[in-house]
Amino acid sequence: MAHRRQRPPADRPGTPYPEALAAFDERVRLIAPGHWDSPTPCADWTVRDLVNHLTGEQLWVPDLLMGATIAEVGGRYDGDVLGDDPVAAWNSAAEAARQAWEVPGATELTVHLSFADVSGQYYLDQLTTDLVVHAWDLAEGIGTRTRLPAGLVDFALGEIGGYGDLSGSGLFDPPLPVPSDAAPQTRLLALTGRRDGG
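What comes next concerns the included structure. (Residues numbered from 1 in each chain as written. Predicted model: local features only at pLDDT ≥ 70, side-chain atom pairs only at ≥ 80, totals over all residues. Heavy atoms only, no water.)

**Structural notes on the packing of aromatic side chains**
- Scanning all chains against the criterion turns up 5 aromatic pairs.
- When the centroid spacing of 5.8 Å and the interplanar angle of 65 degrees are considered together, the rings of tryptophan 60 and tyrosine 77 count as edge-to-face. With tryptophan 60 in helix α2 (residues 47–65) and tyrosine 77 in the loop between α3 (70–73) and α4 (86–101), this residue pair connects regions lying 17 residues apart in the sequence.
- Ring pairs connect the aromatic residues Tyr17, Trp101 and Tyr123, which therefore count as one cluster. (Phe/Tyr/Trp six-rings, centres within 6.5 Å; stacked < 30°, edge-to-face > 60°. Helix = DSSP H or I, 4+ residues; strand = E, 2+ residues; numbered from the N terminus.)

This is the structure in structure tokens:
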């Protein structure tokens, strides 16, 4: 996810990370054996690639919250982290990340990301937003449950609105035009170069 200006906690309600984790998890559990090689809205990513990406993101959480730098973690989570049982690998990584965020004071820690040292709150917001958008990608890839919970959409929309044009990161297509009265999920997806067909 791209870099955005850090905001004080008072600007928003609590970060719905557990709910975002659950939304992605719900869709992981709907993956049928024949889905793993299916394409997703993420260019060049299959369903397996997408789940691998989100699993890798959760694997980083305990290390980064313990103060490790990107260089110290190195290539530990590069490549395929799913192994022979992708769902079990996702479950293990998600649970470890969830527990790491439950440690009192986690959001007040300094986290060493690739582009800057940021607050734990910033990192949590970024992870949550990524989970929300990719939950839709996964649903599209497996053909089910593309309507996301309204609270998650509202949170991610508020976050992504602070990132600006994400296409410069190379991770997203340019934003798509949508009507000013478009639904929040449609506007959220359009900001990341996705077209909401749900």
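**Let's talk about helix α6 (residues 150–160)**
- Every buried residue belonging to α6 is among Leu152, Val153, Phe155, Ala156, Leu157, Glu159 and Ile160, and all of these are buried.
- On its buried face, α6 sits against α1 (17–28), α5 (120–142) and α7 (184–191). (Buried < 20%, exposed > 50% of the residue type's maximum accessible area, 1.4 Å probe, protein only. Contact = heavy atoms within 4.5 Å.)

**Observations concerning the environment of aspartate 25**
- Within the fold, aspartate 25 resides in helix α1.
- Only 2.9 Å separates the side chain of aspartate 25 from the side chain of tryptophan 90, close enough to count as a polar contact. (Polar contact = N/O pair within 3.5 Å; in protein donor to acceptor, adjacent residues only side chain to side chain.)

**A look at the environment of glutamate 108**
- Structurally, glutamate 108 can be placed in the loop between α4 and β1 (110–112).
- The class for glutamate 108 is exposed, based on a relative accessible area of 69%.
- For glutamate 108 and valine 118, which are 10 residues apart along the polypeptide, the C-alpha to C-alpha distance reads 9.7 Å.

**Some thoughts on the nonpolar core**
- Of all hydrophobic cores here, the largest spans 51 residues; its most connected members are Phe24, Val51, Trp90, Trp101, Tyr123 and Leu138.
- Elements represented by at least two residues in this core include exactly α1, α2, α4, α5, α6 and α7.
- Ranked by residue count, the leading element in this core is α5, at 11 residues.
- Apart from the residues within four sequence positions on either side, valine 51 is in contact with Phe24, Val28, Ile31, Trp36, Leu82, Trp90 and Leu138. (Core = buried A, V, L, I, M, F, W, Y, C linked by side-chain atoms within 4.5 Å.)

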